[in-house]
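# Chains, contacts and geometry: an overview
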Amino acid sequence: MNGRFLSIINSDKPVLVDFFAEWCGPCKQMSPILKEVKSELKENVRIIKVDVDKNPMIATRYQIRNIPTVMVFKNGEPLWTGVGLKLANELKTVLNQHINS
């Protein structure tokens, strides 16, 4: 598995991981949603994108079967998984629960 990925998700602040593929239409709609989340939560959260086609071992490890899928990690542990297109408010609510916990 990708050592850089593991070091990123092993953060003491929440890390939102957007699993996507270039050919996935709904995945493209996640970008402005993630920008909105980042602009509000700023440094309290880290957001990264993982291309499932380029990182199949990571996708397999976390059982990513449908995309887009977003996962929230903290200290290397998966805390929440959302499958399909998610609204910014839903993501902010989930992340806020883990920012100061």
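In what follows, the structure referred to is the one given above.
What counts, and where the lines are drawn
- Residues numbered from 1 in each chain as written.
- Predicted model: local features only at pLDDT ≥ 70, side-chain atom pairs only at ≥ 80, totals over all residues.
- Heavy atoms only, no water.
- Helix = DSSP H or I, 4+ residues; strand = E, 2+ residues; numbered from the N terminus.
- Rg over C-alpha atoms; globule rule 2.2 N^0.38 Å.
- Buried < 20%, exposed > 50% of the residue type's maximum accessible area, 1.4 Å probe, protein only.
- Contact = heavy atoms within 4.5 Å.
- Pairing = 2+ DSSP bridges.
- Salt bridge = Lys/Arg side-chain N within 4 Å of Asp/Glu carboxyl O.
- Axes fitted to C-alpha atoms, helices over the stretch in contact; angles between N-to-C directions.
- Disulfide = S-S within 2.5 Å.

Attention shifts here to the overall build of the chain. Of regular secondary structure, the chain possesses five helices and four strands. Scanning the chain from its N terminus toward the C terminus, one meets helices and strands in the order α-β-α-α-β-α-β-β-α. Its C-alpha atoms give the chain a radius of gyration of 13 Å, within 12% of the compact-globule value 13 Å for 101 residues. With the principal axes as the frame, the chain shows a C-alpha extent of 35 × 30 × 15 Å. Among the 101 residues that make up the chain, the fraction classed as buried is 45%. Partitioning the intrachain contacts of the chain with sequence separation of at least 6 by distance along the chain shows that 70% fall at a separation of at least 24.

To continue, consider the pairing of strand β3 (residues 69-74). The buried count for β3 comes to six of six residues, which makes it a mostly enclosed element. The alternating pattern of β3 places Thr69, Met71 and Phe73 on one face and Val70, Val72 and Lys74 on the opposite face, and all of these are buried. The sheet contact formed by β3 and strand β4 (residues 77-83) spans six bridges and is antiparallel. By the bridge assignment for β4, valine 72 is matched with tryptophan 80. Linking β3 to β4, which pair antiparallel, is a turn of two residues; within it asparagine 75 sits at a positive phi near 55 degrees.

This part is about the pattern of salt bridges. Counted by the stated rule, this structure contains three salt bridges. Between glutamate 40 and lysine 92 there is a salt bridge, and its shortest N-O distance comes to 2.6 Å. Linking glutamate 40 in helix α3 (residues 30-41) with lysine 92 in helix α5 (residues 88-99), this pair joins segments that are 52 residues apart in sequence. Of the residues examined, lysine 92 reaches a relative accessible area of 6% and is grouped as buried.

Spatial strand order, β2-β1-β3-β4: four strands in an open sheet with mixed pairing. Each of the sheet's edge strands pairs with one partner strand only, and the pair in question is β2 (46-51) and β4. Adjacent strand axes in the sheet meet at a mean angle of 20 degrees, parallel and antiparallel pairs treated alike. Sheet strands in contact with α5 are β1 (15-20), β3 and β4, and its direction is about 10 degrees off that of β3.

Before going further, it helps to examine the state of the cysteines. Counted under the stated rule, the structure contains one disulfide. The residue that forms a disulfide with cysteine 24 is cysteine 27, at a sulfur-sulfur distance of 2.3 Å. Measuring handedness by torsion sign, the sulfur bridge of cysteine 24 and cysteine 27 sits at about 80 degrees and is right-handed. With respect to class, cysteine 24 is no different from cysteine 27; both count as buried.

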